[in-house]
Every structure is written in C-alpha cells, then in structure tokens.
Amino acid sequence: MQKQLITILEETKNQLNEAASPEAVEEIRVRVLGKKGRLTEILRSMGGLEPEERKAVGKKANEVRGEIESLLEKRRTQLNELKKQEQLAAEVIDVTEPGRMRRLGVKHPITQTIDEMTKVFMNMGFEVVEGPEVETVFMNFDALNAGPNHPSRDLTDTFYITDKTLLRTQTSPVQVRTLLSKEPPMRVISPGRVFRCDTPDATHSPVFHQVEGLVVGEGITMADLKGTLSEFARQMFGSETKTKFRPHHFPFTEPSAEVDVSCFKCGGRGCKVCKGSGWIEILGCGMVHPNVLKVGGVDTEKYTGFAFGIGVERIAMLKYEVDDIRLFYENDERFLKQFK
Ligand code: DAH
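All figures in this text were calculated on a predicted structure; none of them were measured in a lab.

Q: Which parts of the structure should I look at to understand the overall build of the protein chain?
A: Regarding its fold elements, the protein chain presents 11 helices and nine strands. Radius of gyration (C-alpha) of the protein chain: 44 Å, far over the 20 Å computed for a compact globule of 340 residues. Each principal axis of the C-alpha distribution contributes one length, and for the protein chain these read about 135 × 45 × 35 Å. Residues counted as buried form 41% of the 340 residues belonging to the protein chain. Long-range contacts, defined here as pairs at least 24 residues apart, represent 68% of the contacts in the protein chain between residues at least 6 apart. When the accessible surface of the protein chain is split by element, carbon and sulfur atoms take 52% of a total near 19,800 Å². Each charge class in the protein chain was averaged separately, 48 positive and 50 negative side chains, and the resulting centres sit 5 Å apart.

Q: Before we go on, may I ask you to explain helix 3 (residues 38-45) in this structure?
A: In an α-helix, one turn spans 3.6 residues; hence positions three or four apart end up facing the same way. Buried within helix 3 are the following residues: Leu39, Thr40 and Ile42. Here the buried residues of helix 3 occupy an arc of 160° about the axis, which is enough to place them on one side. Along its buried surface, helix 3 packs onto helix 1 (2-18), helix 2 (22-33) and helix 4 (51-90).

Q: How should I be thinking about the site of the ligand in this particular structure?
A: Around the ligand, the surrounding shell holds 15 residues, and the nearest of these are Gln170, Gln175, Arg196, Gln210 and Glu212. Gln210 has a polar side-chain atom sitting 2.9 Å from an oxygen atom of the ligand. Note that an oxygen atom of the ligand is positioned 3.2 Å from one of the backbone N or O atoms of Phe308. Look at the ligand: alone it shows 350 Å² of surface, and the protein chains cover 89% of it. Where the shell around the ligand is concerned, the elements lending two or more residues are strand 5 (207-217), strand 8 (279-288) and strand 9 (304-311). Here the shell around the ligand is composed, by residue class, of five nonpolar, eight polar and two charged.

Calculation notes
Residues numbered from 1 in each chain as written. Predicted model: local features only at pLDDT ≥ 70, side-chain atom pairs only at ≥ 80, totals over all residues. Heavy atoms only, no water. Helix = DSSP H or I, 4+ residues; strand = E, 2+ residues; numbered from the N terminus. Rg over C-alpha atoms; globule rule 2.2 N^0.38 Å. Buried < 20%, exposed > 50% of the residue type's maximum accessible area, 1.4 Å probe, protein only. Contact = heavy atoms within 4.5 Å. Areas by Shrake-Rupley, 256 points an atom, 1.4 Å probe, with all protein chains shown as cover. Lys, Arg positive; Asp, Glu negative; His and termini not counted. Charge placed at Lys NZ, Arg CZ, Asp CG, Glu CD. Arc of directions from axis to C-beta. Near = heavy atom within 4 Å. Polar contact = N/O pair within 3.5 Å; in protein donor to acceptor, adjacent residues only side chain to side chain. Nonpolar A, V, L, I, M, F, W, Y, C, P; charged D, E, K, R; others polar.

Right under this line is the structure:
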C-alpha cells in the first residue's frame, strides 16, 4: 500500500507537469483526491489493516495527500499566472498610435446659398414663411393667374399627382397662401424645393430650389421693387454690382421684369461666367397682378405689392463657378468638401 501511495504521488507529479490549464489541474485533483479518487479509495480501504500497519499507512497517506495538495496549488498558480501573461500580451494597446480623425461635414452649398440670401432679406425686415411641396393645382396655377391653357400647366412640365394636386413647379403659390393668412403690410420670403419634369443635364434638374419674395402694403411701387432687388444684388455679389431690369412676362405680375446683374467676375467687360455679355440674369419679378391680390382677399384699391422669384442653384453656380447643376445632387464628398 505504501508503494501504491508513492506511485500515486509520482504519477500525479508527472501529470501535473503536463497539465496545460487550470481546468486540467482540477481534473487531476478530482481523479486523485475526489470522492472516488485513487487516494481516497486507499484511505477508505485502510479499515481492514492491522492497527500497526494502519498507523504507518495512514501517516504516509496524509503526507502524500499534503504533498499532492501543495503541488496542485503550485501548478494552479503557475498556470493562472501564465494565462494572465498571455492575455496581457494579446491585448496590448499601443497608446502612441494616432487617433482616427473624424471628418467634420459642411453645410451643403445650396443650404449655404439659401442661408446667405435669407440673411440679406432678413436684414431688410423680411420674414421667412413656408409652403407645402405637394400643392394644389389651384394654388400653383389658377390663383396665380395662369390661364387654363397656360403652357406651364403642360403634363410634360409638371409632376401631377392627381388632377387636383401636384408637386409645386414654383414657390409662387406661397404668395397666395401668405396673402390668405396675413393682413398687409407684409414682407416675406419663402425658400424651398420645386419640381419640374425636366431631363437632367448641365443646367436642368427635376428638383431645384427657389426663394420667393412678396411685399404688400400701401403705396408700394416699382421703385420699391428696384431698390430692394438692387440692394440684394449688391449684398450678394459685391457693392459695385449694377442691376438692369428687362421687361418680361409672368402671369402673376404686371408689369413683369427679369433682372440682370453686372458680371461679378469680370465687372462687365465680358468673360466665361457671363458668356461675354457682361450681364447675368438672376431673377424674375414684377408688381403683383390685381387678380392674385384679389384671390388673396386683399383690397386692391388700398394695397399694391411686388414679388420676385430667385433660382438658388443658378445663384450658387454663378457664385461658386459650378458648371454642372448635377454636382449639387450627387453628394460627392470631393465636391462638397470644397465649400468649407
Ligand atoms: N415663379 C417664377 C418661375 O418659377 C419666378 C418668379 C417670377 C416669381 C416673377 C415671382 C415673380 O414671384 O414675381 O419662373
């Protein structure tokens, strides 16, 4: 039996040397010291021995058990330490590695242009109002004095939703909504998205932006229109900018005009931006047609007004010398990041 004890000790020593993990050490402990372990069995079978021998075997067995226990503990600590070292080596953090840069976005050039235009008008006392993108045919055309056969109503130009609703083709219906909801005097602008059935090319996009303007009050004349829009042009394109008002036609204004500004790039001598003419067309405007004021419930004996509509993309293209409108909608970062 004593021999058996020594064999157990030796074998356990060897097994422990080979054990590669704390779990393996635990398995060995169970096999030797567990309820059905080899050493436990020996201790249990000692009952049948002579007292003398039992004493000797008992002593030896206790010695062996003590030794095995301390060996188990030693190996367990060793392996735990090893495991910790391995983990530390695997999870090493390089604190000197440079951080990943977060790139800051910029406001879209169209938004920047709308913001800039809005600021100019707000400084002149205008208030910002909004209207829906899905509009009634009535607001978009009828209320704006566009006769039943007006070419802009054409299916090929307008995205109709039903025969009574459409995607607004202009921001001008906001004029009517404002006339209906406010009492004169009023001074408003309304920036927003508009839609037209156009095939995209360098100067056309089925979605683009306009800023609409409307001023109504007692004694408002064409001189107010010219003064306001000339000042807008100077603030937008520089104090040297000259304006030219050319007669034009819009159903909702009478008289109507288109406004050209002297080329801010060449000062009017002629260049690529102004296509050699020295002038650049930037907006449409006019004195609000009495028919429009009437739909809006305004007393046309007492009040007059002027209105204007500015294409935002056009202004942005001129200002930033962008030669293709599609660049605004592609969201190519290489393009957008230039507008910091
Ligand atoms: N709605 C016109 C367009 O889309 C632009 C315009 C012209 C608006 C003259 C106006 C205006 O308010 O008075 O082409």
